[in-house]
Amino acid sequence: QVQLVESGGGLVPPGGSLRLSCVASGYTFSDYEMGWFRQAPGKEREFVAATRWRGGGTWYADSVKGRFSISRNGANSATYLQMNSLNPEDTAVYYCAAGRPIVSSVRTIQGYPYWGQGTQVTVAS
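Reading the values: rules and limits
Residues numbered from 1 in each chain as written. Predicted model: local features only at pLDDT ≥ 70, side-chain atom pairs only at ≥ 80, totals over all residues. Heavy atoms only, no water. Disulfide = S-S within 2.5 Å. Helix = DSSP H or I, 4+ residues; strand = E, 2+ residues; numbered from the N terminus. Salt bridge = Lys/Arg side-chain N within 4 Å of Asp/Glu carboxyl O. Buried < 20%, exposed > 50% of the residue type's maximum accessible area, 1.4 Å probe, protein only.

Trainee: I'm lost on the state of the cysteines in this one. Help?
Mentor: Here, the word disulfide means a covalent bond between the sulfur atoms of two cysteines. Going through the model one piece at a time under the given rule, you end up with 1 disulfide. The disulfide bridge from cysteine 22 ends at cysteine 96, spanning 2.1 Å between sulfur atoms. Residues cysteine 22 and cysteine 96 are joined through a disulfide that is left-handed, its torsion about the S-S bond being -75°. Here cysteine 22, found in strand S3 (residues 18-25), pairs with cysteine 96, found in strand S9 (residues 92-99); they are 74 residues apart in sequence, far enough to count as distant.

Printed below as a string of structure tokens:
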């Protein structure tokens, strides 16, 4: 079975940094796009970042561009989200996702059939 296990969330002050990890198992990791989404209380789940292993393409939401960085390590089937210069608007549950979206769907929830359990990120002083 496909399984995505996330870790790395926590409480961080404004301006601080966190790195989220997502370890995948149960499928050929290199065949999938990997994405990060987030959902704040009472709001819709929104796209944060995505990457593919082969080809090296990356995509970012405008709200995190220049602050967040997504990367992959094929040796351990892990996807990372490095988050810098965090602000309170980044507070949300962050989810790892895997799928095979076409380019036009890479920023959409529908492009990813597999999801992790989510990890809470809280940015507050």
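Trainee: Explain the pattern of salt bridges to me, please; I cannot follow it from the model alone.
Mentor: Note on pairing: side chains with opposite charge can pair once their charged atoms come close. Following the criterion strictly, the structure yields 5 salt bridges and no others. A salt bridge links glutamate 33 to arginine 52; the shortest N-O distance between them is 2.7 Å. Taken together, the residues span a long stretch of sequence, with glutamate 33 in strand S4 (residues 33-39) and arginine 52 in strand S5 (residues 46-52) at a distance of 19 residues. Here glutamate 33 falls in the buried class, since its relative accessible area comes to 7%. The exposure class assigned to arginine 52 is partly exposed, which follows from its relative accessible area of 24%. A salt bridge links arginine 67 to aspartate 90, with the nearest nitrogen and oxygen atoms 2.8 Å apart. With arginine 67 in the loop between strand S6 (58-60) and strand S7 (68-73) and aspartate 90 in the loop between strand S8 (78-83) and S9, this pair connects stretches of sequence that are 23 residues apart. Owing to a relative accessible area of 17%, arginine 67 belongs among the buried residues under this scheme. One connected set of salt bridges, linked through shared partners, spans Arg38, Glu46, Arg67 and Asp90.

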